[in-house]
Amino acid sequence: LLRSSQPLTGPNRRRCREDEQLLGTILAEGERGFVVDTRSAQAAKQARMGGGGTEPKSSYPRWRRLHRALERGRPLQESFARLVEACGEPGPSVERWLGRLEGSRWLSHVQAALSTACLAAQCLDREGCSVLVHGAEGTDTTLLVTALAQLILEPSCRTLEGFQGLLEREWIQAGHPFQLRCARSASCHGRAKQEAPLFLLFLDCVWQLSRQFPLSLEFGEQLLLTLFDNAYASAYGTFLCNNERERSLCKLKESTHSLWAWLNQPEEKQKYLNPLYSHNPLVIWPSVEPQSIQLWQGFFLRWIRPSQHLDEAQAEIRRLVEGS
Amino acid sequence: ENVRLLDRLSSRRAVVGTLYLTATHVIFVENGSDTRKETWVLHSQISSIEKQATTATGCPLLIRCKNFQVIHLVIPQERDCHDVYISLIRLARPVKYEELYCFSFNPKLDKEEREQGWKLVDLNEEYNRMGVPNNYWQISDVNRDYGVCDSYPTEVYVPKSATAHIIVGSSKFRSRRRFPALSYYCKGNNASICRSSQPLSGFSARCLEDEQMLQAIRKANPGSDFIYVVDTRPKLNAMANRAAGKGYENEDNYSNIKFQFIGIENIHVMRNSLQKMLEVCELKSPSMSDFLWGLENSGWLKHIKAIMDAGIFIAKAVAEEGVSVLVHCSDGWDRTAQVCSVASLLLDPYYRTMKGFMVLIEKDWVSFGHKFNHRYGNLDGDPKEISPVIDQFIECVWQLMEQFPCAFEFNERFLIHIQHHIYSCQFGNFLCNSQKERRELNIKERTYSLWAHLWKNRADYLNPLYRSDHSQTQGTLHPQIAPCNFLYKFWSGMYNRFEKGLHPRQSVTDYLMAVKEETQQLEEELEVLQERLANLQKSQSGNNKVKSKQQDRSKQFGLYTSNNSLANTPQEYSNDLKSFPSRSPSQGDEDSALILTQDNLKSSDPDLSANSDQESGVEDLSCRSSSGGGCLPSEDSGKDSDEAVFLAG
């Protein structure tokens, strides 16, 4: 599984021998690969006008391109904001609620993200082909897909430790611009052009996986909520800045504490572990049918609905599994 | 022969097999060298059959079931298809009760066991448990020969001050003679829930006895000087009824009542709502948008919420205000039943136990004359009478279970099986339209009771999170009313029951039940070993130390490793990648609807195999504990069959 940003083909269909060679080295003799482009074919084509583009068939003959349009940027932020607004409104009618839920399109984005990740995973696992994922910049939807695909494929990513490693690799070090994306959250109106809840979308998808495979993730919902909180505002330096370069310039490692260090302390860790976890060596394939994708109530209704009864249920589960 | 069974989710999963029609079932047996997967459908379950236009591959036939299973067959010859279609139409529309499965179903129990089964739920015991008869409430046998109201039971509970004369008089003023009678009595504060049908008040008619009846109800609760009268219909409908000489109680005529409309729509609206929702469920590859819009347009969840809100209102009135409530709709056998039973469930933790829930259904639905036959089509009848009334109640319970996971002794599977059997006619509990009809047919001597069957298998229906001493299980449940529209979820476990691919692949309930069992076993072992240790220490000197073997509790439960291979097949995430095999050699076979191999017909839930000859009627519990979850006899998990298939294939 590889990731990159878009090739700078441009309107004149530039070629780059080194890039072609690089991709060439990945495939063995006679093998084929897939490029999963997280933009629609239309958008990818239009990107050429701005100097970007896609890998042309002629130059990359052994790579087959698949387009899966994933929402990012302003539209995704608006989707998020609309959903939060719909949740907060105390209207009496169930009907309109469903309409508002649909109107936000948030669940459609979750579905699309999971579906694309599954597609990539399928290419790897079932077809045995290498996959290159990229969108435009390679810092948003690309990471969403590669991170989710690994969770699906790789049991070690589903442990608490493995998941942290996944986040470090695929989000933090890979250069997802946290500082730009996670500035204001849902209340952000107007200007912030760079604000977008990609990371939240990722966490939502992870939650969907945990709902469909409640025994297969070593961590629980509480971890996902904590990660969300820390991406926006944190006492730790882990999610600061936009990329490794900035972190290095800030001397982050010398001047802040790591979130992982805190999370992994024995007393803290307990809160985040899933008592039902049992190692699952297989690939977990989620269903992406609409009935299978549900609203992440624990997040979206976090401050709205009382969680007492559900917390009690969790406590009961712990008690049962850990022995009284 | 050579019939194809299609799968909605994946057109690649069509299987070829042979279709059989028996007197009681439709059976599809898959061709295959080693596996003979069978799909059994009871005729009673068939809701509708649709024959579609012949295509190149054959003539499609869709069988839609009342338990939401949809069987999509393709029969090669159009003429054969037509024959099957005609036969099924006849078989699915029985004319006489004797045609129903319950009269031929034989679980091989003797007469006494059958009788015992019927005695499991005793309503007299239940009323006594509530605390009646007492100073305020008495049992009345005025309807002993069904002479006053033929849809009521022979014994009803009425206020002490309601004489036979008042009862009879009131019954003449009520639609279908369904006079106000006790549904639930709250010992703690003497408040009660009574139920009836609409008064025949028209625009101005009055009835002294009916007014006295309501007064009597009020007087039976000294703690309050008024009662609520709740009409569960939308105001407009109730008002329209007045033109037909019926209507609702006028606060001016009845002293000390506070009248309240709670608009729950009628059976026709509900029937259409369900229809629309099922259409959404049948969409092939719907987008998220299609699904949510479809769900909204059906209005289904809105109706569920309306029923729930009514129940909440009544529960509050009784528990918090200590005020008695009289509930009615039009005829007092649909919405009234729903609302009274939801309220009772909220108020009294007993109804949240398995036994209590059976009692609740017996009381508010069976004994009070809910028209099972008409509503659920035991026999061929007027399609306009069909409506998912009890389904809605069952869903309300499920919605509550989702909000209060520790509060119910039973689990989702219990609800689903009950719903299944309301339509299956395999047991006699839900036949006919009234107690009178059931007695005339001698149901108790000629059929078996579902309750006994469920009770026998109760280990499958337990909620591992339930503890009778837990705070959630005690006292009244307080669900939020508004704003909580979003708390109502689509119940895919029921409406997409047979599409296993949609549901969470791992069952927390089953896992926790297995954990609980293992814990129990280990504790028992520990006890035994500790005893032995004590004995040994007594009989020997301290030199020989025998260590009791404490099992390592942290060892992984071997129970669930096999579960991981449970049909974990990817969906069709893409149409581009047609070269993908539909199953990976490393993983098990995919699940599909109702997999019953010959091997596991014995251990699987006899509900759905309904293969009366092979049914042992005795569950093999030992296989579950010792092999650690090796064969959970539930028709939903299909786990055994998958494993069997996997091992065989």
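Sequence order sets the numbering: in each chain, residues are counted from 1 along the sequence as written. Whichever chain is written first is A, and whichever ligand is written first is 1; the rest continue in order. Totals for whole chains, interfaces and linings use every residue, but because this is a predicted model, local features are given only for residues with pLDDT of at least 70 and side-chain atom pairs only at 80 or more, for both listing and counting. Note that water and hydrogens are dropped before the side-chain values are worked out from all heavy atoms of the structure.

## Details of unusual backbone geometry
Put simply, the rule reads: Every helix listed is a DSSP run of H or I at least four residues long, and every strand listed is a run of E at least two residues long, numbered separately from the N terminus.
Residue B:Pro133 is reached from B:Val132 by a cis peptide bond, and omega for that bond is 5°. For B:Pro133, the location among the structural elements is in the loop between α3 (123–130) and β8 (137–140). In this structure, A:Arg13 takes a positive phi of about 50° despite not being glycine. Residue placement: A:Arg13 occurs in the loop between β1 (2–3) and α1 (17–26).

## A word on the packing of aromatic side chains
Test applied: Paired rings are identified among Phe, Tyr and Trp, the last through its six-membered ring, by centres lying within 6.5 Å, and are further divided according to the angle between planes into stacked (under 30 degrees), edge-to-face (over 60) and tilted (the rest). Buried residues are those whose accessible area, probed at 1.4 Å on protein chains only, stays under 20% of the maximum for their type, while exposed residues exceed 50% and partly exposed ones sit between those limits. A ring is scored as having a charge over it whenever the NZ atom of a lysine or the CZ atom of an arginine sits within 6 Å of its centre and within 35 degrees of its normal.
Inspection of every chain in the model, using the stated rule, returns 50 aromatic pairs over all chains. Aromatic pair A:Phe80 and A:Phe300: ring centres 6.3 Å apart, planes at 70°, arrangement edge-to-face. Separated by 220 residues along the polypeptide, A:Phe80 in helix α3 (residues 73–88) and A:Phe300 in helix α15 (residues 297–300) bring together distant segments of the chain. Comparing A:Phe80 with A:Phe300 shows no difference in burial state: the two are buried. Measuring from centroid to centroid gives 5.3 Å for A:Trp171 and A:Phe199, while their planes differ by 70°, and the two rings are edge-to-face. Placement of the pair is A:Trp171 in helix α7 (residues 160–173) and A:Phe199 in helix α9 (residues 198–212), with a sequence separation of 28 residues. An aromatic cluster of three or more residues is present, and its members are A:Phe80, A:Trp106, A:Trp207, A:Phe228, A:Tyr232, A:Trp296, A:Phe299 and A:Phe300. Cation over ring: B:Arg114 sits above B:Tyr448, and NZ or CZ is 4.3 Å from the ring centre. Cation over ring: B:Lys258 sits above B:Phe226, and NZ or CZ is 4.0 Å from the ring centre.

## A few points about the pattern of salt bridges
All names here are of chain B. Stated precisely, the cut-off is as follows: Within this document, salt bridges are pairs made up of a side-chain nitrogen of Lys or Arg and a carboxyl oxygen of Asp or Glu, the two lying within 4 Å of each other.
This structure, assessed with the given rule, holds 39 salt bridges over all chains. Salt-bridge contacts for Arg 64 lead to Glu 50; the nearest nitrogen and oxygen are separated by 2.8 Å. Pair noted here: Arg 64 is in strand β6 (residues 59–65) and Glu 50 is in strand β5 (residues 46–51), with a separation of 14 residues, a long-range link. Among the ionic pairs, Asp 210 bridges to Arg 174, the shortest N-O distance being 2.8 Å. Note that Asp 210 is positioned in helix α5 (residues 208–219) and Arg 174 in the loop between α4 (164–172) and β10 (181–185), a separation of 36 residues in sequence. As far as burial versus exposure is concerned, Asp 210 and Arg 174 are alike and both buried. The network of salt bridges with common partners includes Asp 334, Lys 371, Arg 375 and Glu 385.

## Quick word on the confidence of the model for chain B
Residue and element names in this part refer to chain B. Filter applied, for reference: Every residue is assigned a pLDDT by the predictor, reflecting its confidence on a scale from 0 to 100. By definition in these notes, contact holds between two residues if any of their heavy atoms fall within 4.5 Å.
This prediction gives chain B a mean pLDDT of 82; 81% of its residues lie at or above 70. Counting contacts from residues 575–649, a segment whose pLDDT is below 50, to residues more than four positions away or on other chains yields 174 contacts. Across the assembled chains, the prediction reports ipTM 0.92 with pTM 0.87.

## Describing the domain arrangement of chain B
In many analyses, interface size is given as the accessible surface area lost on bringing the parts together. Residue and element names in this part refer to chain B. This is how it is decided: Note that the domain bounds reflect an automated or database-derived domain assignment. Buried area adds together the accessible area that both of two parts lose upon being put together, with accessible area traced by a 1.4 Å probe. Here a polar contact means two N or O atoms within 3.5 Å. Within protein one must be a hydrogen donor candidate and the other an acceptor candidate, and residues neighboring in sequence count only if both atoms are side-chain atoms.
Per the domain assignment, the segments of chain B are domain 1 (3–93) and domain 2 (111–510). For domain 1 versus domain 2, the separation of C-alpha centres amounts to 35 Å. At the junction of the two partners, domain 1 supplies 14 residues and domain 2 supplies 24 residues. Taken over both partners, the interface formed by domain 1 and domain 2 buries close to 1600 Å², and the fraction arising from carbon and sulfur atoms is 53%. If you sort the residues of domain 1 by the area they bury against domain 2, Arg 8, Lys 66 and Phe 68 come out on top, with a joint share of 47%. There are 2 salt bridges connecting domain 1 and domain 2. Residue Glu 282 pairs with Arg 64 through a salt bridge whose shortest N-O separation is 2.5 Å. Linking domain 1 to domain 2 there are 7 residue pairs in polar contact (both at pLDDT 80 or more).

## Details of the environment of B:Glu385
Residue and element names in this part refer to chain B. In this fold, Glu 385 is placed in the loop between α12 (372–376) and α13 (389–403). Each C-alpha atom, one on Glu 385 and one on Arg 375, is 5.5 Å from the other, the two residues being 10 residues apart in sequence. Side chain to side chain, Glu 385 and Lys 371 meet in a polar contact 3.1 Å long.

## Some points on helix α14 (residues 412–424) of chain B
Residues and elements named next belong to chain B. Our working rule: Expected span of a helix, by definition, is 1.5 Å for each gap between consecutive residues, and there is one gap fewer than residues.
Here α14 contains 13 residues, and its C-alpha end-to-end distance of 18 Å stays within 8% of the 18 Å for a straight helix at 1.5 Å per residue. Buried residues dominate α14, accounting for 12 of its 13 residues. Inspection of α14 places Arg 413, Phe 414, Leu 415, Ile 416, His 417, Ile 418, Gln 419, His 420, His 421, Ile 422, Tyr 423 and Ser 424 among the buried residues, and these make up the whole buried set. One side-chain oxygen at the N-terminal end of α14 lies 3.1 Å from the backbone nitrogen of Arg 413; it belongs to Asn 411. Of the residues trailing α14, Cys 425 is marked for its positive phi of about 55°.

## Some points on the packing of helix α5 (residues 106–125) of chain A against helix α8 (residues 288–298) of chain B
Stated formally: Under this scheme, a helix contributes an axis fitted over its contacting stretch, all axes are lines through C-alpha atoms, and angles between N-to-C directions fall in the 0 to 180 degree range. Whether a crossing is left-handed or right-handed is set by the direction in which the near helix is turned from the far one by less than a right angle, anticlockwise for left-handed and clockwise for right-handed. Put simply, Ala, Val, Leu, Ile, Met, Phe, Trp, Tyr, Cys and Pro go in the nonpolar bin, Asp, Glu, Lys and Arg in the charged bin, and everything else, Gly too, in the polar bin.
For the pair α5(A) and α8(B), the least separation of the axes is 9 Å and the interaxial angle reads 145°. Where α5(A) crosses over α8(B), the two elements pack in a sense that is right-handed. Here α5(A) contributes A:Leu107, A:Ser108 and A:Gln111 to the contact with α8(B), which in turn contributes B:Met288, B:Ser289 and B:Leu292. Within the contact of α5(A) with α8(B), the residues separate by chemical class into 3 nonpolar, 3 polar and no charged.

## Observations concerning the UniProt feature "coiled-coil region" (unreviewed entry) in chain B
Threshold: UniProt positions are given in the numbering used here, feature names are shortened, and annotations may be inferred rather than shown by experiment.
Taking the numbering used here, the UniProt-annotated feature "coiled-coil region" (unreviewed entry) corresponds to residues 512–539 of chain B. Secondary structure across residues 512–539 of chain B comprises 100% helix and 0% strand; the distance between its end C-alpha atoms is 40 Å.

## Side note on the sheet that holds strand β4 (residues 130–134) of chain A
Across a sheet, strands are paired by hydrogen bonds formed along the backbone, either parallel or antiparallel in direction. All names here are of chain A. For the record, the criterion: Strand pairing follows a simple DSSP-based rule, namely that at least 2 bridges must link the two strands.
Taken in spatial order, the 4 strands of this open sheet run β1-β4-β2-β3, and their pairing is parallel. Where the open sheet ends on each side, the last strands, each with one partner, are β1 and β3 (63–67). Direction of pairing for strand β2 (residues 33–37) relative to β4: parallel, over a ladder of 5 bridges. Along β4, the bridge assignment pairs Val 36 with Val 133.

## Let's talk about the nonpolar core
Which entries qualify depends on this criterion: Side-chain atoms within 4.5 Å link the members of a nonpolar core, which is a set of buried Ala, Val, Leu, Ile, Met, Phe, Trp, Tyr and Cys residues.
One finds A:Phe163, A:Phe202 and B:Phe357 to be the most contacted residues of the largest nonpolar core, which totals 199 residues. For this core, the leading source of residues is helix α9 (residues 300–321) of chain B, giving 12 residues. If sequence neighbours within four positions are ignored, A:Phe202 has contacts with A:Leu144, A:Ala147, A:Leu148, A:Leu151, A:Phe163, A:Leu166, A:Leu167 and A:Trp171. Judged by nonpolar contacts, the second largest core, of 19 residues, contains B:Val3, B:Leu19, B:Ile49 and B:Ile75.

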